[in-house]
Amino acid sequence: MRSYAAMSLLLLMAAPAPAQEREPVKKKVGEVELKLFLSFPDDWKAEDKRPAIVFFFGGGWAQGTPEQFSKQAAYLAKRGMVAARADYRVKSRHSVT
């Protein structure tokens, strides 16, 4: 089971850039602009009903960026899913506690 999980992780990390990464959706919270990055399958259409996933990066509210999951989002978009990577306020970039 561990080898399967390790191989899956390696495949996710080796994914090419998404073919359809759109302009991020932007939201202003106080003085901070946060973004939601969206990756779509190559053949995606607005009327599609597809499985989707939202990635929230780790970092204990202290550090990290949505880029941590860009390869995984690309991998899943290439395989038919819609993938979103959410930004949120962290101490290292926004001085929040």
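Refer to the structure above for everything that follows.
Criteria and cut-off values
- Residues numbered from 1 in each chain as written.
- Predicted model: local features only at pLDDT ≥ 70, side-chain atom pairs only at ≥ 80, totals over all residues.
- Heavy atoms only, no water.
- Helix = DSSP H or I, 4+ residues; strand = E, 2+ residues; numbered from the N terminus.
- Buried < 20%, exposed > 50% of the residue type's maximum accessible area, 1.4 Å probe, protein only.
- Contact = heavy atoms within 4.5 Å.
- Areas by Shrake-Rupley, 256 points an atom, 1.4 Å probe, with all protein chains shown as cover.
- Pairing = 2+ DSSP bridges.
- Right-handed = clockwise from strand over helix to strand, strands pointing away.

Asks: Would you mind showing me how to read the overall build of the protein chain here?
Replies: Scanning the protein chain from N- to C-terminus turns up three helices and five strands. In the protein chain, the succession of helices and strands from N to C terminus is α-β-β-β-β-α-β-α. A total of 97 residues make up the protein chain; the buried ones form 33% of that total. Expressed as a percentage of contacts within the protein chain between residues at least 6 apart in sequence, the contacts between residues at least 24 apart total 61%. Just so you have it, the protein chain exposes about 6,700 Å², and 58% of that area is on carbon and sulfur atoms.

Asks: How should I be thinking about the environment of Ala86 in this particular structure?
Replies: Mapped onto the secondary structure, Ala86 falls in strand E5 (residues 82-86). With a relative accessible area of 9%, Ala86 lands in the buried category. Aside from chain neighbours lying at most four places away, what touches Ala86 is Lys35, Leu36, Val54, Phe55, Phe56, Phe57 and Pro66.

Asks: Help me understand the pairing of strand E4 (residues 52-56) in this model?
Replies: As paired strands, E4 and E5 are joined by five bridges and run parallel to one another. Bridging from a neighbouring strand, Phe56 pairs with Ala86 of E5. For the handedness criterion, the β-α-β arrangement of E4, helix H2 (residues 70-78) and E5 is classed as right-handed.

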